[in-house]
Structure formats: C-alpha cells, structure tokens
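# Structural features, examined
One letter stands for each residue in the lines below.
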Amino acid sequence: MRHFLLLVVLPTFFFFTVLNFCVAESYQPSTDWNANWITVENLPEPVPENLWLAFRKNFSLEKIPDGIQSRALCRIACDSKYWLYVNGQLVVFEGQLKRGPTPNDTYFDVVDLSKHLKQGKNQIAVLMWYFGKSGFSHRSSGMPGLLFDASGNGSNGFELLSGSDWKATIYAAYEQKTKDPQPNYRLPESNIRFDARKDFSNNWTFADFNDSGWKSAKTLGKVPTAPWNNLYERPIPHWKDYGVTDYVNKSEIPAVSDGKPIVCKLPYNAQITPVLKIDAPKGCEIDIRTDNYQGGGEYNVRAEYVTKQGVQEYESLGWMNGHAVIYAIPAGIKILSLQYRETGYDTEFAGSFECDDPFFNELWKKSARTLYVTMRDTYFDCPDRERAQWWGDAVNELGEAFYALDQKSALLLRKGMYELMRWQREDGAIYSPIPAGDWAKELPMQMLASVGPYGMGLWAQTTGDFQPLRDLSPRMNRYLQLFQFGDDGLVLRRKGGWDWGDWGNNVDLRVLTNCWYYMALTNIVDISNNVPFSKNELENATELRQKIKNRFDNIFWNGNEYRDPQYKGQTDDRANAMAVISGLADKEKYPAIREVLMKQKHASPYMEKYVLEALFKMGYENDAFARMKERFKKMVEHPDYTTLWEGWGIGKEGFGGGTTNHAWSGGGLTLLSQYAAGVTNRLNQEFTICPQPGPLKWIKSKTPTLHGDLLVEIERKDQKMKIKITMPKGTKGTLKLSKQKIKPFIICNSEFKLPLRRDNDYHLFLLQDEIWTFEMEEQ
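A brief look at the structure comes next.

Thresholds, definitions, all that
Residues numbered from 1 in each chain as written. Predicted model: local features only at pLDDT ≥ 70, side-chain atom pairs only at ≥ 80, totals over all residues. Heavy atoms only, no water. Axes fitted to C-alpha atoms, helices over the stretch in contact; angles between N-to-C directions. Helix = DSSP H or I, 4+ residues; strand = E, 2+ residues; numbered from the N terminus. Parallel < 35°, antiparallel > 145°, perpendicular 65-115°, else oblique. Left-handed = near helix turned anticlockwise from the far one by under 90°. Contact = heavy atoms within 4.5 Å. Nonpolar A, V, L, I, M, F, W, Y, C, P; charged D, E, K, R; others polar. Disulfide = S-S within 2.5 Å. Buried < 20%, exposed > 50% of the residue type's maximum accessible area, 1.4 Å probe, protein only. Pairing = 2+ DSSP bridges. Salt bridge = Lys/Arg side-chain N within 4 Å of Asp/Glu carboxyl O. 1 Å grid on protein atoms, 1.4 Å probe; cavity = no way out; pocket = protein on both sides within 12 Å on 5 of 7 lines; lining within 4 Å. Points joined across faces, edges and corners; volume = space filled by probe spheres on them.

As a packed pair, helix H7 (residues 509-527) and helix H8 (residues 535-556) sit with axes 9 Å apart at the nearest point and diverge in direction by 150°. The angle between H7 and H8 falls in the class roughly antiparallel. H8 is crossed by H7, and the crossing has left-handed handedness. Together, Arg510, Val511, Asn514, Cys515, Tyr517, Tyr518, Leu521, Thr522, Ile524 and Val525 of H7 and Leu538, Ala541, Thr542, Leu544, Arg545, Ile548, Lys549, Phe552 and Phe556 of H8 make up the contact between the two elements. Residues belonging to the contact of H7 with H8 are distributed by class as follows: 13 nonpolar, 3 polar and 3 charged.

Right, here's the structure in full:
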C-alpha cells in the first residue's frame, strides 16, 4: 500500500461584486478558466446517490516544472470529494470542500504538482465520490462532475485541461447502497460498500494500466456553467494526513478471525479511515464501524467490504470517528493487519494550560481534543450525527481555538463568516447550519451570537483582520433590523424558524434575547473604528443600545434576580449570567446574581460556559472553579472518553440524544486560559493579563499569537504570589491586579514599581516585549 503526505495549500482571496449589496467584497470567485467540466458517458438517470467515478489522463512532458521558474499549479473542483494520484502516488487525500460558499456556487482546490511530475510519460488519476444528496453541511449540485485546470503557469509551465481527451468510468466496485440502516438525513455522506470482486484487475492509478475499455469523458461546459456555477478558492488548508498506523491494542488483534467483533482501540477520539489487509476467500462480507456509529442517538456512517480471493488490502475512504473501530470479520479469515489513517484539519496544538489541580488539566485537554475532532470542512457541532456548522457551537469553538491552536485555525472561522452571510435569505434572515440543502431555519439567539463580540467581533479583534466585517457589515445590519421592540422599550422575542435559547428547561427567552441583541449592538460600536458604518448606522446602534440599557432593569430586575414578568419557569441561570456578560447588570446586583448562579443549574454545557464566565467577571472565581468542577465532573473523570459530551449524561441521559464529542462543551478551555491565567488578546499586538487563579496554587499557560507565544507562570504560597510573563517580540500589554485581592506594594523585576495609572479596581502595569516578573502579597 502506498502512502503520501497530502499537500498543504494556503488560500489567496479574490474580488467579487455581490448583486444584492452595493459593496465590493474581498473574497471573490476565480475567473479565467479554460478547462471543461467532465463526467462519464451514459450517466444513469436519475443520477444515483453515492456514486463513485474514476478519471484518467496520460500525457508527456519534455521538461519537468521545477516549481520556481516554471510551475505546475492545477485547480481542481468536483461534487463532492476526490483523491488525486500522479504517476501512481497519492498526492491529495480527500480533496474538495463540501459545496456551498454561496447557495449556488462551489469551492475549488489549488495543488502544486511540481514535485510529482517526471520527464516523459506521466499519468493523472482521480477518484471522485459524488454524494448525490444534500445535508446539514453540503448542498448537492445534482450532477457528478470534475474540473481539472492546469493553465496560467507561464510559457514554460505545465498545462493540462480536463476535456473529452480524458478517460472516465463509473467505479463499479463501489456499490450505491449498503444494507440498512442508512445514515440519518443530516449527513450528505452515505455508507460505503466496496465489492473487491468487481475491482479493476490491477492498479488503475498507474500509467501502465490498460484503460482502452474506458470511454472518453463527456464534457459539460466551462466555468461558470450550471449547476456548479462560480468557483471560490478553498480558503483553508488541505487536511493533515498523519499516515497509516497501528491500533493501540495491536497485540490483541487475532491472526485468524473467530467471527466475533474485533474492537480496535484508538489513542483518542479522532477522524479516521479504517484499513485492513487480509487473506480471504471471495464473497465474504466485512462490516466496519466505530463505537460512535449511533453517536447522538442516530445512525451515522459505516462501511461494508466484500472480499475477493487471496491476499488483499483495502482502505474505506469515508472518514468516521470514535474511540474504537469495530471490524466484523467472518470466521476463518486470516488477518494480516488492521490499521487506520488519521486525517484532520491542518493545525497544531500550539497552546497549553497546566496547574496544580489535575481535574482542570484534564478538562483543558479534553476540551482541546473535542475542538479538534469537530473541525474539518467547517466547524461543526459533532463529528458523527450531524457534522453541521451550528453557529452557537462555532462561537464557542472560536474562543477555544485562539488559546489552543495555531493561526491556521482562524481561517476556518473566516470561511464560516462568509458562508453564514452569503446564505442570507431574501427576507434578511441568516440561519445555520450552512452550507445546507435541507435546512433553512433561523435560530435567532445563535445568529445574534454570531454577529456579536463573541463571534465575528472576537475574530476581528483577535486577528486584526477586519476585512470580512467590512465586507459583511451591510448583511449584519440588515439582519439586526429584523428585530422589533415592544411597548415596554425592549426587544421582543423573535420566533424565527426555531426560538431556541438552549437545551433543557427553564429558559427565560426574552431576557436572553435582549442580552444577545444588546451585545450585537455593542459589537457594532466596538468595531466602528475599523469598519465603515455610516453615521446613521452607528447612531442607530448607539441609540438602540442605550434604549435597552435604560429599560432593562425596570422591566426584568425584581430585586433578587433577572426575570421576564411573563416567564413562569424557575429562575434561569443563563439569563442572569448573560445580564452580567452583556454589561447590562451593574455591580450592585452582583451579590444577588451570585446567589442565583450558585443555586440554579439549568444550563446545558453550551450555555454553562457563559454562566461560569459571569462568575469570573463578577470576581467570584472560587465559585466559578467550584461550579465548573461540579458540572463537568462526570465528563472529565470518565475513563473511556477523551472528548466532552453534548449533555450532562451519555446517550439518553444527555440533551437531544447526547453525543460524546460535542463542540459547545469546551468553553472551560477558554475560561481557564482567559481568566485563570488571565490572558486576553486584542488586535494580536495588545494583550491584557488579569489572572484569577482562585484555588489554584500554580499555573503555566501558553497562548499562541501571530508574534510568538505569550507565556504566563503563576506561583502562590503563604499569601504570596509570583507572576512571570514572557511577552512575544514586538507586542505590548497591561497587567491588571485586583485591588481587592492584591496589596499595593508590588515588586517588578526585583524593584518596587508604581502602577501605570490610577484605577478604582486594579493596579495597572505596562508590559513590553520582554520577560517580566512580579511579586506581591495577597489580601
């Protein structure tokens, strides 16, 4: 079996005029295409789902492009996924993003083939998987097609165009349907069934393969022909390929199957493709699935393999996830090896958090793993049941990524911002998940979160890249205009397609609506120095924000808690927390809100992040740590799971069926880095460090930035605290120390240092790009 590490191709961005807005957006479709879309002749009608096609092209080169003076860049697009081979070597493993930069258009990849071509005879082979159906992460074009365009490489460069001189065939060994059950309706992917008895007689990706029996490809027109329409360059890297490797319990895998399921353990929850090498008679059927096959209570994806005679190798190319892969192999078959290939979003775990309490170390670690396994074509809620870009989840994931992952992770949210706004409906509503072909319901509070300071605002303020917000601000404003105010001067609940505030019970929706809307308006004011809002737009946002501020307490505060007078449930911890997060609650109410948050525990793991953050913001960090430990205890201490769950229990115990790897549950990672270690990043050159270590005796934190790692080390003993801060070169920041908790005599780099300026609540110290050590006594 041959393996090759896939290419990492970082994006460039183009220019495009959006028809329904008088604004030039910076990320545009590509032009100047010369190749034809191609497919197979005699395509079945109607086109079946789960169709696999094979394409080949032989060509000769007199001179090899060196990638410097002459190039071999090719642009590739298809519906839905492809695997690219050059001269028999795998160059791209699972290329192409799921379809949907807009409701009508398609993405394309750019790959440099310079290192893979040779002088003389060459051969390109493309395996293509056409989903043939839409889902919560993909809109099907309705037509399987491939586009390969290697033009524009210069007079001495490589040129090759898809057209009728290519060969194409339906790959009959990939059968359209497995036995029931099939994956649930949210997934565009189907189960994969491969019958090796129908496979090609030898390796069809090699140049010497005899394709004389294949027909010429059928041409379907040039870009921007329907149904693929305009093509946008892939704005995120190709997947990282970790290679094929052994399972953790390799030694327990039998040499000969006894017919019982073989459970092969993975080191952690991962996105994998299963591999086998066996010696078998023909016609035996093997089932492959993971322990997450019914993750979230729904059928997900699995694979079936039908053997040919003799020794054979097979890799099922549709990724699945879990902590174990389960092979059902008929008795008597010789097992030569069972392995797996992990692939995933190309980013590194660049951040870290450690402390003296193992519980919080494990929470941070499991949050990071949960984050990574819910990243691929988009951020998604879970990698099994849905793979869907729900924006409530994406907002939480964004916050985590800035502390846990390197800078390439930010590109995934940038992609998501453009998708969210370019799928805006005619009536002005935005909705998720998108891209999608079978969903168009608006969840107003998730949408408000997306356009607020924890969503797009956080992305811009942290990366310093405001271009997406400049492009998309007219769409943001159009959406915010849909909300109406009541006679009491506050925002009315907007039903949308699903008036959802959180899983669980006792959700005070009107209070939450006003908090999220107020924060969206706050975001407009905060970014206005970098985004060209009109004078009227900015004045309107400021006036509406003040209007909510003026009326919020009069309507919702009853002296002990925030509560909509029309709401009849138990006091909502989420609503009271969001009053703090939004800034609508003043400090005089903090003690009463604290009592609410320590008593009421209705939030799901999604909104629990905001409840805990409210405790930190109010200065009750010890309460935040205690509640965090109580609420996440089952997840963190569970010995079998490396990821966090959708609800507070597993399966039927959890909300909505309960997946065991849900993106929205990782907010603890953000809180530990942002509040316990105290690191807040704005514009990537200006940092605030305001530690709230609570009960922790020591902390070591690393936050990745564009300029290098920001390190914070905290040591505490006998009411004395030492903080060491290593600033990235070329950056500056402010250390904030609470006056209520730190005595005013503070030593900096072995010398007494006066605070930078007067502040009622904090001792403030200016930091530059060097190492700083502060020593102090706690109150």
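Counted by the stated rule, this structure contains 0 disulfides. Residue Cys284 stays outside any disulfide, its sulfur separated by 18 Å from that of Cys264, the closest cysteine. Judged by its relative accessible area of 17%, Cys284 is buried.

Time to look at the sheet that holds strand S7 (residues 89-95). Read from one edge of the open sheet, 6 strands run S7-S6-S9-S4-S12-S15, paired in antiparallel fashion. One side of each edge strand has no neighbouring strand; the edge strands of this open sheet are S7 and strand S15 (215-216). Judged from the 6 bridges that link them, strand S6 (residues 81-86) and strand S9 (residues 120-130) form a sheet pairing that is antiparallel. Counterpart to Val86 in the pairing with S9 is Ile124.

Here the focus is the pattern of salt bridges. What the rule picks out here adds up to 51 salt bridges. When the shortest N-O distance is used, the salt bridge between Arg387 and Glu189 registers 3.1 Å. Taken as a pair, Arg387 in the loop between helix H1 (358-373) and helix H2 (391-404) and Glu189 in the loop between strand S13 (174-175) and strand S14 (192-195) lie far apart in primary sequence, 198 residues in all. Both residues of the pair, Arg387 and Glu189, count as buried. If you follow the salt bridges from partner to partner, you end up with Glu175, Lys179, Arg193, Lys198, Glu285, Asp287, Arg289, Arg302 and Glu304 in one network.

What follows is about empty space enclosed by the protein. To find leftover empty space, one rolls a probe the size of a water molecule over the atoms. Applying the stated criterion to the full structure yields 3 cavities of 30 Å³ or more. By volume, the largest cavity is sized at about 110 Å³. Considering the residues around the largest cavity, the lining is formed by 16 residues, among which Trp129, Glu189, Gly318, Trp319 and Arg387 are closest to the centre. Class assignment of the residues belonging to the lining of the largest cavity gives a composition of 7 nonpolar, 4 polar and 5 charged.

Bear in mind that shape data such as this cannot, by itself, settle questions of function.
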